[in-house]
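A structural walkthrough
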Amino acid sequence: MADSSFDIVSKLDRQEVDNALSQAAREIATRFDFKGTGATIEWKGDQAIEIVASADDRASAVLSVFQDKLIKRDQSLKILDASEPRQSGQVSKIDITLKEGITSEDAKKISKLIRDEGPKGVKAQVQGDELRVSSKKRDDLQAVQALVKSQDYDFAVQFTNYR
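Residues numbered from 1 in each chain as written. Predicted model: local features only at pLDDT ≥ 70, side-chain atom pairs only at ≥ 80, totals over all residues. Heavy atoms only, no water.

Between its terminal C-alpha atoms helix α3 (residues 104–117) stretches 20 Å, which fits the 20 Å expected from 14 residues at 1.5 Å a residue. Regarding α3, the residues found buried are D106, A107, I110, S111, L113 and I114. The buried residues of α3 occupy an angular sector of 155° when the element is viewed end-on, so they sit on one face. Exposed residues pointing more than 90 degrees away from the buried face of α3 are listed as E105, K108, K109 and R115. (Helix = DSSP H or I, 4+ residues; strand = E, 2+ residues; numbered from the N terminus. Expected span 1.5 Å × (residues − 1). Buried < 20%, exposed > 50% of the residue type's maximum accessible area, 1.4 Å probe, protein only. Arc of directions from axis to C-beta.)

Moving on, we come to the nonpolar core. Residues V17, I41, I49, I51, F66 and I96 are the most contacted members of the largest nonpolar core, which totals 25 residues. The element that contributes the greatest number of residues to this core is helix α2 (residues 56–72), accounting for 7 residues. Contact partners of I41, with chain neighbours within four places excluded, come to L21, A24, A25, I28, I49, E50, I51, V62 and F66. The next biggest cluster of nonpolar side chains, apart from the first, holds 16 residues, and it includes F6, I8, V133 and L141. (Core = buried A, V, L, I, M, F, W, Y, C linked by side-chain atoms within 4.5 Å. Contact = heavy atoms within 4.5 Å.)

The next subject is the pattern of salt bridges. Applying the stated criterion to the full structure yields 16 salt bridges. R31 is the partner of E27 in a salt bridge, and the nearest nitrogen-oxygen pair spans 2.9 Å. Taking the relative accessible area as the measure of exposure, E27 reaches 22% and is therefore partly exposed. With relative accessibility at 28%, the residue R31 sits in the partly exposed group. The salt bridge partner of K112 is D116, with a shortest N-O separation of 2.7 Å. Taken as a pair, K112 and D116 lie in helix α3 at a separation of 4 residues, close to a single helical turn. Relative accessible area serves as the criterion here: at 45%, K112 is assigned to the partly exposed category. Taking the relative accessible area as the measure of exposure, D116 reaches 48% and is therefore partly exposed. Via salt bridges that share partners, E27, R31, D33, R58 and K69 belong to a single interconnected network. (Salt bridge = Lys/Arg side-chain N within 4 Å of Asp/Glu carboxyl O.)

Here's what the structure looks like:
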């Protein structure tokens, strides 16, 4: 019998992020507390979002609205890397970069965790920006998934390619 396996990845659903951004922009345009503040949220390139408002607290409020929309669309807030509000002329800006992929150091941490605390006979190998976990028993793979989910990493974790 062949080994069963799955991949541990950190990917974002670009369409869901785009939908959340559009919903946040619509809400900001219609909400009374944002009237006259010049608050906007928009894409800045492929992996970045920019928030512009007249004051730091308004820019932070726009970020909060965007985070609410992401949560409603089942996206982890760990994909966001938001800067502190900064003054740029008359306006306040927040730059957000979207994080995707597992770094080699993080992949090593996860594979060490699986080796140390996971069931015996489970193998983990790094493949680019993802981690392939394989074992003869599917129950062991489910135990590894529960183990990885129980950890609090600073990046979003998904399981794909379950075979």
